[in-house]
Each structure stands twice: as C-alpha cells, then as structure tokens.
Amino acid sequence: MAELEAILEQKLIDQLCSEDSQWTYRPDIKTEDDIWKNFKYILEQNNKAKLNDIPLSESEFAKIKNDLSHASFYDAGKWLVGENGKVYVHVQRGNETLHLIVMNNEHIAGGSSVYEVINQYQAFKDEENIGSRNRRFDVTLLINGIPMIHIELKNKEHAYLDGYRQIKKYIAEGKFRGIFSNVQMFVVSNAVDTKYFSAARDTELSKTFLTGWLDEKNEPVGDYLQFAQDVLRIPQAHEMVTKYTVLDNEKRKLLILRPYQIHAIEAMRTASKSGKSGFIWHTTGSGKTMTSYKATRNLLMDIPSIEKTVFLIDRKDLDLQTKGAFQSYADNDTIEVDDTEDVGSLVKKLADGNRQMIVTTRQKMQVMINKRLQEGTRAYNKIRSLKVAFVVDECHRAVTPQTKRDIERFFSNSIWFGFTGTPIFEENKYDQMGDLAQTTEELYGPCLHSYTIKEAIHDRAVLGFNVENLGPKDLKADDADTYYHSEGHMRNVLEIILNKSAVKLGVQNGRGESFEAMLTVDSIASAQRYYDMIMKIKNGEDELKIDEEIVRTLPDFPKIAITYSISENDESSKENQDAMTRMLKYYNDMFGTKYKLEAIESYNRNLNERLARKEKRYLDRSQQIDLVIVVDRLLTGFDAPCLSTLFIDRTPMSPQGLIQAFSRTNRLFNEKKRYGQIVTFRTPKEYKKCINDALVLYSKGGFGKAIAEDWDTVLENFNRSLKTIRTFAPTPADAINLSKKQMTTFVKLFRDLDHDYAHLKSFSNYDPSMMDDFGFSQEDYEDYAAEYKNIVELLKEDPGDNPDEPVVITDDYELVAYDKFKIDFEYIVELLQGFVEMLDSEDVEFDETKFEQKISEFREMADELGKDNPGLSSIFMQVLDEIEKDKKKFIGSDVSEIINKMRCSAIDNELEKFAKKWFINYEDVKYEAYNYKDGELANANKLRESVDYSAYKEATENALPKFKFNRELVREFKEELMPIIIHYIAR
C-alpha cells in the first residue's frame, strides 16, 4: 500500500534537516500571522545596529508588509535581485530613512542567512474555528523568513501532476499573495517522480515546462529524497532561487534554469578557477543564450580574479534575437547591451577599473585592437593586462579561428568559453588554413559539458522530429536544375504546403492557435517566385486551389511573408527591390504597419517578433503569419516556439547547417505541438543519408527513443496499436463490458492509439480514405475516445476490489487526435490580454470598426465557452462590456487578475447568500465548497454542527424541524449551491 502523504512529508523534512544541513524545522509556524512575526524577528536581528535596538513599530512594519506583498511573482523576482546582491526594505523613522537588509545573496550558506522549513501552513484562517481553514500547504522553505520554495507532495497512487494542478488552483484562488507572493520555485512529487518549475500566473503555467532533475552525467533523478539531497540542501536551494533564476523582462516572466544549464555553469566555474578554457555543447533549442548570459554573469560574481567578463557576438546576430534576449535578461541586472558603432564606449568600459560584464560585437573588438588602441599608451597597457573571461554564444558563427587568435594574442590573460549546439568535429572540420584550428576542441579547449539533441529530446527539453523526404526519386542529374526551378515542381511543393499540411500547421486548433512554417529556398529569385505563385493561388488565379475545409477554418490562410538578410537586401537588384516593395505593401495592408524598403531592418525586426509570438498581442489571429519564405535568414539563432514545420526546397546543407535549420522547429510550445516537422522536396535518397549522418553526428552519447521517425515506421506503429486495442474491445461499445483490470489496460492501449493516429495524420502522405483499408475512421476514433473518457471516470471513482493493488488512473493525458479545437479559459484570457496590449501599441493602427469586430469575436468565444461553463462565460461578457465602455481603463492592466477577482467575488456572493440563509459561519461554507469532491462534502457533520439553528428558527417563518433542516441544508448545498460555483472554482 502506498505511503500516506503525511509520512512522505515527514521523511522529506527529516532529509532536509539531517546531518550537516542548515535547514531548521519550525513546527510552530502555521499561519500568516506566524510567518510575519517570524520574518519581523529575523529582519530586526539582522538590522540591530540600523534600528538602534528599537523594534519596528506597528506602522513601520505595516509599510514593510505592503512592500513585500507583490502584484506578481515576476515583481517579487525583480525585488529579490536586490542592489549588488543585497535585498532591502526602506522605512522612515523620524527624519531618517532606514535601509534594512532583508537578504544578502552573497551570504549563501553563511553570514546573515537563515534557513527554515515549515509544513501544513494554513492558507485560510479563522481564529475562533480551526476547522474553517480550507487550504493547507505541504512543505515550504523559508530564506530569512520569506517563503521562496514551495513543495506539494502526493503519494504513489497519484500522479505528480495532481500536485501541479493543485498549485495552479491555489494561485488562481489567490493563496500565493502577501508574503507568499515571493515564492520563486515550485516542486511537485509523487515520491518516485519529481519536477520543479518557476512561479507564474496560473494562466501562464504549462505542464510542458515542468522540469525533472538530472545529475552531472544527465541521468534522471526522480526520487523525492534524492532530489532534496541534490537540489534542496544548502547552498544549492539558495542558489536555485538567486544564481539560477533569470528575469525575462520582455515576457515579464521568472525563469529557472534547467539542470543541464546549471551543470554547464558549474563546469565553467570550476575550469575558470584554474584558468582553463573550454566549450559547452548544448543542442540548439535548449536555451543556450540564457545559459551563456547567466554563466557570463555568474563568472563575474563567483571568481574574484576575473576583472571583466565579455559576451562576444557577431554584428549580424543583432539582426536576429541575441541582443534582444540579452537585453531582456539584463534589464533587471542593470547591464547595458551595447550595439553601437562607438568603439570609444568599449575602450572606456574596459579601462574604467570596474568589475563588470560587457556585451559587445567581435567587429568592435577587432577595430579597437587593430585601429583604436595605440601601443604604449596608458589605455593600451591597462586593457591588455586585464584578466578577462570571454563567453561566445554560437561560437563558430560569431568568431572565426583567425579572429579568435587575434583577440587572444592581445588579451594574453584571457580565458575563453564557447557555446555551440553544433560543434565542429573531425568528421566535418574546417578546411585547413595554415595552422589555424579546424575543430571546436582545437579552438576552445575540451568540452566542459555536453547535452546532445538525443538527450534533450529524451528529457523533453526539446521535441523530436518527423522527417519526410519527398520529390522525384530517379531524376537524372542533367534534368534536375531545370525541373527543380519549374512551375510544375513549385506547384507540387505548394500542394503539400497548402493542402497536405493542415495537421502540421495546427489548422484544426482554430484561430490564433495554429502554428507557423518556414520555406527555405536556394535564392532570392526562387523566394520571390514562390511568393508570387502563392499570391496567385490566394487570389484564385492559379490552377492550384486551397482545400475548402482549410479555408472554412482559417478564411485568410495562408498569410505569408518573405525575408532576406540585410546583406542580401543590400546586394539585391532593382528587380528584387521592386518585388520586396510589393511584398511590403501586402504586409502593411495585412497588419496596419508602415514599413518601407529603406527601413528593411525595422520590417525584419517586426517580422521576428510576429513570428516569435512572445508578445501577447501576437496571439491574435489578425496579427499572425502562417508561412515565411527565406533563403538563409532565420535558419540559425532564431527562436519561435510556435514554428512547427520547415519545408526545404534546396540542396542539402552541411551537417551543422541541417541541425541548426531543423532546430527552428522543435522548441517546446504547448501540449498540441508534438514534433518538429521537416519536409524536403529534392533528391530524397541524398537527403535521407545527409539527415541520418547529421543526426548520428550530433547525438553522440545520447540514449532513448529515435529522434526522427518516418512514414513507414509510424504507419506500422498505428497498425499495431489498432490491432492491439481491438483484441480487448473489437468495437467501442465492447469497452464498457471489460473487467476493471482489462479497463486499465484499455486506457493505456487507447492512449497509444491516440498518439499513433495523431502522429500518422501529421504526415503529408496521410489521406483519410486510406483508413478504409484498416476498417477505421475518425468517427470510430471519437467513439473509442468517448468510451475511454467514461472508463477513466469510472476507474477514478471505483478503482477495483483489491486494496493492495489499486488501479492507478490519472487524467494527466490529453487526447491529441481530435480534429476540432475547443475554446478554453486560459486561451481566452491570454488572447484578451494580448488584445488589451494591442490597444496601446504604436505599431498597429486600430480603428473603431476593427475594435468592434474584435469585441464581437471575443463574444463568440465566450458563447462557445458558455456551453461548458456558463459562469466564466458570463464573467468574460462583463469584462467585454467594460472594455467597450472605456477601453483606456484597461490599458496596462492584468486581465487575468481582473477576471480572477471577479471569479472570487462571484463565489463569495453565492457562499454568503447560502451562509446567511442557513445561519452558518461563512468560513465554514467556504471550507466545504473548496474541498467538495466527487459529490461529497469534506465533513457534512461539522457543517451541520456549526449551524445556529436557534437563530434560524427565530428569524424564519415556517421553519423546518431540525431533522428536515439538516437534510435540506446538505441537499441544497450539493444540488443548488455547488452547480452554480463549481465552474468558478475549477476550470
């Protein structure tokens, strides 16, 4: 029998507080008052001298409490960054402002740091009635009295996702407010599987981003006690919420590094202590830019001998995202990302004597060394003698072997760390040029930490690939060039992209939820020819027509753009410039923008942002692109998680080029995006070999499943899954007659079928008619799915007769083979937030007609939501009414917070009406409502006992007798109150 959660909780506390641990268990801290009193005591102890031994007054502490109660976890994170690692609160005492230190992040595992563990914290309280507390937290870790890490435990009969859902619900209910708004990291576990994730608004949380711990060898650590040993002991736990957190200013989100990122930074720290260089091999898409930023920052903090850390990038990367991403991370660290041409500012920063992190381009560094600094001058001598750590993201693209040699010869006291997702090995080394380095190891030194593409896919840090190699198989070499540039070939390619890729592009997901694709071709001329042909198809001027089913779902499909690199635009002919001008007009008409050819950089930046969809305004369908046509631009260094598919109509690239391009597609996005999808249209045999060679080369040391699957394999898997489930239930109707044990097997088998059927439908070869050969259809799938849902509910309510072998069924699996998109709460909230942000955007012209049209679209969505959840639908309608009345009032506001307040208010109104009618304490009703489960009250007897029956009888005409009163009280609670509020509580 599975251990009780209380036992798991105690074992965790014992583990945290054992041996040489600095954690102290505080069983006396159970309520909000207890936490504030404890924090006040620690604050006063750490600031005795500043307070002159006079305790904080009631009004002084009220001000501090207000300062510590943040509007969001992100705001708390900004405060916890502090000033040079020190976190303060400020109070006015007489004419003096007292700057009180709350936490010193340089005092990790010592100094003024206090580490405490609490459990069973009571989130709601009523001093007169202990039983009214309706939420209890499992285990929380306090640093200097502030809750920083919160842990929810489940026993082995439950999935760890139950803990995740619990936390998500608590956040939505407003439990993490006040001092608990400072939590930075959550941990969930069912004892054998443990995950962590950064604190975020409930609508921003996604199961996709839950992270398991890996040890230094990238082996998974699932056991909760081992996780506590590796991650939650001191100093590791304190470092997790300080050194290994990143504030993304652009997304306004708190991010916590994944374990492989942390191990890489620690490996760099170890190497730098002994003056050694090296490189980090982390597969493309796994967050190298964030790792390299934090590594550069931490080297300066951790290694006193290093005087400057320099993050070196290529100027052309400023055309992509590196500068923007770095600036977004650096804003809260007061680091200036310098992308000007002013070499003088670089000289000044290097010579100023301050320990600091500098972000600059290698071009500027070269100009400074070769032209600006004069040998023998004070600045020359000072800068040349600096002890500098250079960190180079995309180290092969940013710095050539010759450039690195030049810079290294000047900075003789430098160490170098290169980051790459595609190292250069012996197999694909540079051509020999003199004695210059040909491989990554020769250039930077040994590999300090690796995290291969195979490991990343296995850990779900990135997605796996579907690869399809299409095109004529036996085309003669002499005919190839003519054929591949013919209209016939282009039309065949567009037939696949426009009519056979609906599942790849998530068309079935609905407006605003579809994915994007990229088509890469061999020249600017080819890109423009494809663009012109698509425009003819859209206008009905070509023999190729877009499938009516796709047009019904997305009437404006496909929305396209074309982009070249800045250097390509500079070199383009008059004909190319005319074509680009036409395209810009289409783009401007589509999005209400005003870009011109002279400002092509601004257009490229806007297109990057639109493709990335990191700003909420781009969640709206009217602001999205379906397909972007490129030559080389965006194939490296570009991050757009919603981009699902890469179509390739050009000859194969180098192994590193292929992996870099493929990795545009396999970023994590949401539960609906399952693969990075690649379709090639030339020389299929050659492409298959090149892709296999590249994947083998860049999967060294990997393990787990294949990282690329083809049509034949997936078709075979589907056939096997279908045959297997039919041995248990030949038809969907047979499933309900299975035994409990057989039902458990059926659930697992149907999930396999669902996965394989969805996978099959994502291929271009798929056609619904081919299911006739299997005697199967979408309707059969949906009938099986209906029985599957019934059985899951049945097994959750009645797991079987043997208590020693319980049937464990969790509802953490989401069906993926459905063809229809369902509107849900989180989707509308995020979409509405983006709409509010768009109202204040300078880039978009938003007239009254478009405004009313968008409001109308939102009302349609709210109506759709109302079929399942009329309560939340009503709240959305109220918000839309308010926006229509005064849109300016909503600019800059948090829509999620507004809606959650309205939800809570709606719940409170119903609870208060019920409590008043039945003469019960409001908190008792609240407790029962929030703990109501499977049609039963948590404690019906206690609810009845808390009634003031005498007051009821005195105030009510024709009062019910006591026995009828109790029965009617419970009946009305179950049948009238809960059906009204259940949709507000659980979405």
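Here's a quick rundown of the structure.

### Concerning the pattern of salt bridges
Turning to step 1, where the next piece is worked out: Tallied over the full model, the rule gives 52 salt bridges.
Turning to step 2, where the next piece is worked out: The salt bridge partner of Arg165 is Asp162, with a shortest N-O separation of 2.9 Å. With a gap of 3 residues between them, Arg165 and Asp162 both fall in helix H6 (residues 160–172), about one helical turn apart.
Turning to step 3, where the next piece is worked out: We note a salt bridge from Glu173 to Lys175, for which the minimum N-O separation is 2.3 Å. Lys175 shares its class with Glu173; the two are buried.

### Observations regarding the nonpolar core
Turning to step 1, where the next piece is worked out: In terms of nonpolar packing, the biggest core is built from 109 residues, with Met365, Met368, Phe411 and Tyr603 touching the most fellow members.
Turning to step 2, where the next piece is worked out: Here this core takes 8 residues from helix H21 (residues 524–538), the largest share from any one element.
Turning to step 3, where the next piece is worked out: Sequence-distant contacts of Met365, defined by excluding residues within four places in its chain, comprise Val310, Leu312, Leu346, Thr360, Phe390, Ile407 and Phe411.

### Remarks on the packing of helix H2 (residues 32–46) against helix H4 (residues 58–68)
Turning to step 1, where the next piece is worked out: Viewed as axis vectors pointing N to C, H2 and H4 meet at an angle of 105°, and their least axial separation amounts to 12 Å. If you check the angle between H2 and H4, you find them roughly perpendicular. The segment H2 lies against H4, with Trp36, Phe39, Lys40 and Leu43 engaging Phe61, Ile64, Lys65 and Leu68.

### Notes on helix H26 (residues 655–662)
Side chains that are three or four residues apart share a direction in an α-helix, a result of its 3.6 residues per turn.
Turning to step 1, where the next piece is worked out: Here H26 lies mainly inside the structure; 6 of its 8 residues are buried.
Turning to step 2, where the next piece is worked out: Restricting attention to buried positions, one finds in H26 the residues Gln656, Leu658, Ile659, Gln660, Ala661 and Phe662.
Turning to step 3, where the next piece is worked out: Where H26 is buried, its residues meet helix H18 (453–458), strand S19 (464–469), strand S23 (643–649), strand S24 (675–680) and helix H27 (684–697).

### Re the pairing of strand S14 (residues 308–313)
Turning to step 1, where the next piece is worked out: Taken across its 6 residues, S14 has 6 buried, putting it largely inside the fold.
Turning to step 2, where the next piece is worked out: Judged by which residues are buried, S14 turns out to be covered on both faces: Lys308, Val310 and Leu312 on one side and Thr309, Phe311 and Ile313 on the other are all buried.
Turning to step 3, where the next piece is worked out: Relative to strand S15 (residues 356–361), S14 is paired through 6 bridges, and the arrangement is parallel. Bridging across to S15, Lys308 finds its partner in Gln356.
Turning to step 4, where the next piece is worked out: In this sheet, strand S16 (residues 388–392) lies alongside S14 in parallel orientation, the contact comprising 5 bridges. Residue pairing in the sheet places Lys308 in a bridge with Val388 of S16.

### Some details on the environment of Ala398
Turning to step 1, where the next piece is worked out: Position of Ala398 relative to the elements: it lies in helix H15 (residues 395–398).
Turning to step 2, where the next piece is worked out: Residue Ala398 is classed as buried on the basis of its relative accessible area, which comes to 1%.
Turning to step 3, where the next piece is worked out: When residues no more than four places from it in sequence are discounted, the contact partners of Ala398 are Leu312, Ile313, Asp314, Arg362, Val392 and Asp393.

### Re the pairing of strand S9 (residues 211–214)
Turning to step 1, where the next piece is worked out: Taken together, the 2 bridges between strand S8 (residues 194–198) and S9 define a ladder with antiparallel strand orientation. Bridging from a neighbouring strand, Lys195 pairs with Gly212 of S9.
Turning to step 2, where the next piece is worked out: Here S9 pairs with strand S10 (residues 220–221) via 2 bridges, running antiparallel. Among the inter-strand pairings, Trp213 is bridged to a residue of S10, identified as Val221.
Turning to step 3, where the next piece is worked out: Counted along the chain from S9 to the antiparallel partner S10, the turn is 5 residues long, and its residue Asn218 has a positive phi close to 65°.

### Quick word on the sheet that holds strand S7 (residues 185–189)
Turning to step 1, where the next piece is worked out: In space, the 8 strands of this open sheet follow the order S1-S4-S5-S6-S7-S8-S9-S10, with mixed pairing throughout. The sheet terminates laterally at strand S1 (23–25) and S10, the two strands that pair on one side only.
Turning to step 2, where the next piece is worked out: Bridge count between S1 and strand S4 (residues 115–122): 3 bridges; the pairing is parallel. Opposite Trp23, over in S4, you have Tyr115 as the bridge partner.

### Overview of unusual backbone geometry
Turning to step 1, where the next piece is worked out: Cis geometry is found at the peptide bond from Ile234 to Pro235, where omega equals 15°.
Turning to step 2, where the next piece is worked out: When you line up the elements, Pro235 lands in the loop between helix H7 (224–232) and helix H8 (236–240).
Turning to step 3, where the next piece is worked out: For the bond running from Phe557 to Pro558, omega is -5°, close enough to zero to count as cis.
Turning to step 4, where the next piece is worked out: Relative to the helices and strands, Pro558 is located in the loop between helix H22 (548–553) and strand S21 (560–563).

### Re the environment of Leu214
Turning to step 1, where the next piece is worked out: Relative to the helices and strands, Leu214 resides in strand S9.
Turning to step 2, where the next piece is worked out: Counting along the chain gives 245 residues from Leu214 to Asp459, while the straight-line C-alpha distance between them is 9.1 Å.

### Overview of the environment of His983
Turning to step 1, where the next piece is worked out: With respect to the helices and strands, His983 occurs in helix H38 (residues 962–985).
Turning to step 2, where the next piece is worked out: Its relative accessible area of 25% is what places His983 among the partly exposed residues.
Turning to step 3, where the next piece is worked out: Along the chain, His983 and Pro870 lie 113 residues apart, while their C-alpha atoms are 7.8 Å from each other.
Turning to step 4, where the next piece is worked out: When sequence neighbours within four positions are dropped, the list of residues in contact with His983 reads Asp868, Asn869, Pro870 and Leu872.

### Digging into the side chain of Arg613
Turning to step 1, where the next piece is worked out: By the secondary structure assignment, Arg613 is in the loop between helix H25 (600–612) and strand S22 (627–630).
Turning to step 2, where the next piece is worked out: The class of Arg613 is buried, set by a relative accessible area of 7%.
Turning to step 3, where the next piece is worked out: Here the side chain of Arg613 touches Glu516 through a polar contact of 3.3 Å, side chain to side chain.
Turning to step 4, where the next piece is worked out: Sequence-distant contacts of Arg613, that is, excluding residues within four places in its chain, are made with Gly512, Ser514, Phe515, Glu516, Tyr618, Leu619, Gln624, Ile625 and Cys642.

### Some remarks on the packing of aromatic side chains
Turning to step 1, where the next piece is worked out: Counted under the stated rule, the structure contains 52 aromatic pairs.
Turning to step 2, where the next piece is worked out: Both rings, one in Phe137 and one in Tyr170, keep their centres 5.5 Å apart while their planes meet at 25°; by these two values the pair is stacked. With Phe137 in strand S5 (residues 136–143) and Tyr170 in helix H6, this residue pair connects regions lying 33 residues apart in the sequence. Grouping residues by exposure puts Phe137 and Tyr170 together as buried.
Turning to step 3, where the next piece is worked out: Centroid distance Phe390 to Phe411: 5.3 Å. Interplanar angle 70°. Geometry classified as edge-to-face. Of the two residues, Phe390 is situated in strand S16 and Phe411 in the loop between helix H16 (401–410) and strand S17 (414–420); the sequence distance between them amounts to 21 residues.
Turning to step 4, where the next piece is worked out: The buried category is assigned to Phe390, whose relative accessible area is 0%.
Turning to step 5, where the next piece is worked out: Grouping aromatic residues by their ring pairs yields a cluster made of Phe73, Tyr121, Phe137, Tyr164, Tyr170, Phe176, Phe180, Phe186 and Phe197.
Turning to step 6, where the next piece is worked out: Note that Lys404 overlies the ring of Trp416, its terminal NZ or CZ placed 5.0 Å from the centroid.
Turning to step 7, where the next piece is worked out: The aromatic ring of Phe591 is capped on one face by Arg610, whose charged end is 3.7 Å from the ring centroid.

Each value, and the rule that gives it
Residues numbered from 1 in each chain as written. Predicted model: local features only at pLDDT ≥ 70, side-chain atom pairs only at ≥ 80, totals over all residues. Heavy atoms only, no water. Salt bridge = Lys/Arg side-chain N within 4 Å of Asp/Glu carboxyl O. Helix = DSSP H or I, 4+ residues; strand = E, 2+ residues; numbered from the N terminus. Buried < 20%, exposed > 50% of the residue type's maximum accessible area, 1.4 Å probe, protein only. Core = buried A, V, L, I, M, F, W, Y, C linked by side-chain atoms within 4.5 Å. Contact = heavy atoms within 4.5 Å. Axes fitted to C-alpha atoms, helices over the stretch in contact; angles between N-to-C directions. Parallel < 35°, antiparallel > 145°, perpendicular 65-115°, else oblique. Pairing = 2+ DSSP bridges. Polar contact = N/O pair within 3.5 Å; in protein donor to acceptor, adjacent residues only side chain to side chain. Phe/Tyr/Trp six-rings, centres within 6.5 Å; stacked < 30°, edge-to-face > 60°. Lys NZ or Arg CZ within 6 Å of the ring centre and 35° of its normal.

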